[in-house]
Amino acid sequence: MADRQRGVRSDALANRERILREGARLFRRHGVNVPLDAVAKAAGVGSATLHRHFSGRVDLVHCVLDAEADRLAARAAELQAVNRPEQALRAWVLELVQFSTSLRGLAALLAAHDADTTLEARHRSLTDACNRLLGAAQDDGHIRTTIDVGDLLKLAHGIAVASAGSADVAARLFDVVLDGLRTHATPAGPVTPRRPRSPVPADGRSPQGRRPPR
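Residues numbered from 1 in each chain as written. Predicted model: local features only at pLDDT ≥ 70, side-chain atom pairs only at ≥ 80, totals over all residues. Heavy atoms only, no water.

A. Here's a closer look at the pattern of salt bridges. Within the structure shown, the criterion is met by 9 salt bridges. Across the salt bridge formed by arginine 71 and glutamate 68, the nearest N and O atoms sit 3.5 Å from each other. Taken together, the residues arginine 71 and glutamate 68, both in helix H4 (residues 57-82) and 3 residues apart, mark about one turn of the helix. Of the residues examined, glutamate 68 reaches a relative accessible area of 13% and is grouped as buried. Members of the salt-bridge network, linked through shared partners, are Arg28, Glu68 and Arg71. (Salt bridge = Lys/Arg side-chain N within 4 Å of Asp/Glu carboxyl O. Helix = DSSP H or I, 4+ residues; strand = E, 2+ residues; numbered from the N terminus. Buried < 20%, exposed > 50% of the residue type's maximum accessible area, 1.4 Å probe, protein only.)

Right, here's the structure in full:
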């Protein structure tokens with residue numbers, strides 16, 4: 001009997017994980033208003049099974065957000081392990097921006113149901129992860145200590161709105177922000193040396209036969 005109960009619980013957990021995985025995929029592709037029957041079909045379960053695990057669309061969206069937030073929080077440690085602090089911070093913030101813009105219709109859906117629309121309030125783990133990455137970059141001496149995690153998350157939110165889902169635009173905008181956050185100016189790319197001026201002959205005429213402007 002105990003083995004059978006464990007088997008039932010294991011199947012139920014597997015169903016829930018598939019629903020979350022397929023829900024996240026379909027929400028990213030079609031927006032959060034995709035039919036729930038389509039989510040159930042993609043997960044290989046019936047509509048009744050989906051509703052046994054989730055009370056409705058908002059509940060499913062919240063659970064998808066929770067799962068994605070946990071993934072992003074864990075991702076911070078992965079990035080720190082293989083990158084310099086500033087690089088890890090940049091990569092993580094861009095992943096956060098992509099996540100924030102990937103669920104089309106999210107803000108409208110949550111606002112319509114008087115639900116919390118801020119990642120910071122719902123997912124403290126994201127704030128903590130960002131704070132660790134920012135602190136490491138500040139301790140490394142590359143990022144100004146006058147900015148805190150709240151400031152950085154607000155900037156990330158602004159970039160998410162302005163980039164309108166474009167990863168390229170988001171990367172360019174955040175690189176501009178990152179330049180302003182550095183403790184000293186760091187060239188974004190190779191510096192092109194200035195071409196030397198042509199010498200002016202003793203008669204005051206330029207090599208092209210014109211006097212230089214006064």
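Further notes follow.
B. Spatial organisation of the side chain of threonine 49. Inspection of the secondary structure assignment puts threonine 49 in helix H3 (residues 47-53). A distance of 3.0 Å separates polar atoms of two side chains, one belonging to threonine 49 and the other to arginine 52. Among residues more than four places away in sequence, those in contact with threonine 49 are Asn15 and Ile19. (Polar contact = N/O pair within 3.5 Å; in protein donor to acceptor, adjacent residues only side chain to side chain. Contact = heavy atoms within 4.5 Å.)

C. Geometry of the packing of helix H9 (residues 149-163) against helix H10 (residues 167-181). Where H9 meets H10, the axes come as close as 9 Å, and the angle between the chain directions of the two elements is 150 degrees. Relative to H10, the element H9 lies roughly antiparallel. Note that H9 runs across H10; the crossing there is right-handed. Residues Leu152, Leu155, Ile159, Ala162 and Ser163 of H9 form the contact with H10, whose participating residues are Val169, Ala170, Leu173, Phe174, Val177 and Leu181. (Axes fitted to C-alpha atoms, helices over the stretch in contact; angles between N-to-C directions. Parallel < 35°, antiparallel > 145°, perpendicular 65-115°, else oblique. Left-handed = near helix turned anticlockwise from the far one by under 90°.)

D. Inspection of helix H2 (residues 36-43) at higher detail. Every buried residue of H2 is listed here: Leu36, Val39, Ala40 and Ala43. One side of H2 carries all its buried residues, which in axial view fall inside an arc of 95 degrees. For H2, exposure combined with an orientation more than 90 degrees from the buried face picks out Asp37 and Lys41. In the segment just after H2, glycine 44 is the residue with positive phi, at about 75 degrees. (Arc of directions from axis to C-beta.)

E. Expanded view of the environment of glutamate 17. Along the chain, glutamate 17 turns up in helix H1 (residues 2-30). Look at glutamate 17 and you get partly exposed, because its relative accessible area is 40%. Distance from glutamate 17 to valine 64, taken between C-alpha atoms, is 10.0 Å for residues 47 residues apart in sequence.

F. Structural view of the confidence of the model for the protein chain. For the protein chain, the average pLDDT comes to 79, and 73% of its residues sit at 70 or higher. No element of the protein chain has a lower mean pLDDT than helix H7 (residues 119-122), which averages 51, and none a higher one than H2, which averages 96. Taken as a whole, residues 1-5 scores under 50 in pLDDT and shows 0 contacts with residues more than four places along the chain or in a different chain. Low pLDDT, under 50, characterises residues 185-195; the predicted model gives this stretch 1 contact beyond four residues in sequence or across chains. (pLDDT = per-residue confidence, 0-100.)

G. Structural detail: the side chain of serine 163. Among the secondary structure elements, serine 163 is positioned in helix H9. A relative accessible area of 4% means that serine 163 is categorised as buried.

H. Local environment of the nonpolar core. Grouped together as the largest cluster of nonpolar side chains are 53 residues, with contacts concentrated most on Leu60, Trp92 and Leu152. Breaking this core down by element, the ones donating at least two residues are H1, H2, H4, helix H5 (85-102), helix H8 (124-139), H9 and H10. The element that contributes the greatest number of residues to this core is H4, accounting for 10 residues. If near-sequence neighbours (up to four positions away) are discounted, leucine 152 is found in contact with Leu89, Val93, Cys130, Leu134, Ile147, Phe174 and Leu181. (Core = buried A, V, L, I, M, F, W, Y, C linked by side-chain atoms within 4.5 Å.)

I. Highlighting the environment of arginine 172. Looking at where arginine 172 falls in the secondary structure, it is placed in helix H10. Separated by 13 residues in the primary sequence, arginine 172 and isoleucine 159 have C-alpha atoms spaced 9.7 Å apart.

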